[in-house]
Amino acid sequence: PETFAPASCLAFLYKCIVVGASVGTVAYRILERPGPEFYLAFFTNWGVASCLLYSVCSTFNTIFSARTPQPEERAGCRIRITWVLFELAAHFSLLASVLYWPLVYEPDEDGYDYLPIAEHGGLLIFVLIDGMIVDRIPLRWMHFFGIVWPLEMLFVVWSYVHSLTDIGNPQTSDNDPETNDDLIYPELDWQND
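This structure is a prediction, so every number in the text was calculated from the model and none was measured.

## Things to note about the overall build of the protein
And step 1. Of regular secondary structure, the protein possesses 6 helices and 0 strands.
And step 2. Element order for the protein, N to C, with α for helix and β for strand: α-α-α-α-α-α.
And step 3. Across the 193 residues that make up the protein, the buried fraction comes to 41%.
And step 4. In the protein, 75% of the contacts between residues at least 6 apart in sequence involve partners at least 24 apart.
And step 5. On the protein, roughly 11200 Å² of surface is accessible, and the fraction owed to carbon and sulfur atoms is 67%.

## Let's talk about the packing of helix 1 (residues 9-32) against helix 2 (residues 43-63)
And step 1. Where helix 1 contacts helix 2, the axes come no closer than 9 Å and their chain directions differ by 150 degrees. Between helix 1 and helix 2, the angle falls in the class roughly antiparallel. Considering how the two elements wind past one another, helix 1 and helix 2 form a crossing that is left-handed. Here helix 1 contributes Phe 12, Lys 15, Cys 16, Val 18, Val 19, Ser 22, Val 23, Thr 25, Val 26 and Arg 29 to the contact with helix 2, which in turn contributes Asn 45, Val 48, Cys 51, Leu 52, Ser 55, Val 56, Ser 58, Thr 59, Thr 62 and Ile 63.
And step 2. Partitioned by chemical class, the residues of the contact of helix 1 with helix 2 number 11 nonpolar, 7 polar and 2 charged.

## Concerning helix 5 (residues 114-134)
And step 1. An ideal rise of 1.5 Å per residue puts 30 Å on 21 residues; helix 5 reaches only 25 Å between its terminal C-alpha atoms.
And step 2. Within helix 5, the axis deviates most sharply at His 120, by approximately 45 degrees.
And step 3. Restricting attention to buried positions, one finds in helix 5 the residues Leu 115, Pro 116, Ala 118, Glu 119, His 120, Gly 121, Leu 123, Leu 124, Val 127, Asp 130, Gly 131 and Val 134.
And step 4. Where helix 5 ends, the next residue or the one after it, Arg 136, has phi of about 55 degrees, a positive value.

The rules behind the values
Residues numbered from 1 in each chain as written. Predicted model: local features only at pLDDT ≥ 70, side-chain atom pairs only at ≥ 80, totals over all residues. Heavy atoms only, no water. Helix = DSSP H or I, 4+ residues; strand = E, 2+ residues; numbered from the N terminus. Buried < 20%, exposed > 50% of the residue type's maximum accessible area, 1.4 Å probe, protein only. Contact = heavy atoms within 4.5 Å. Areas by Shrake-Rupley, 256 points an atom, 1.4 Å probe, with all protein chains shown as cover. Axes fitted to C-alpha atoms, helices over the stretch in contact; angles between N-to-C directions. Parallel < 35°, antiparallel > 145°, perpendicular 65-115°, else oblique. Left-handed = near helix turned anticlockwise from the far one by under 90°. Nonpolar A, V, L, I, M, F, W, Y, C, P; charged D, E, K, R; others polar. Expected span 1.5 Å × (residues − 1). Bend = angle between axes of the 7 residues up to and from the residue.

And the structure:
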């Protein structure tokens, strides 16, 4: 309980705030942009979705911490899932934040609205505080190579397949054949230099 499921009222309150921020960010993104079925096409949304899943699991662990005795030799299934989700949320959100601000963000178009800040740093800070300070979840290199890295490679494969097909991007597509706005990110144009 000291590591993955602190049972204090302050920890529970903080976890509820993180869940609320995550749910609000996902709902705002889906309602703001057309094509919610295209939500997981963007790497940023992988980070936001993993933050949401982690925060829900983390809150669930705190609520039911006394009801689930853990074996001494290895963590139970729910704890392992929370651990993996923390690693995914922290890594995906950090990578999305580091890449978004210098490569994608345009101050004239995007401004300083809630959504870019929450998706590219805000939720990351909430999740890191929850995982590293409140829950004290240890980070392991084997999780990166066994779980995080293969999923990142899956996104690279998805972006390659997307750029070679006519799937398009419902959030930026138009009928102008001169522009290549059907890509997920212009920086991931696999057909041109």
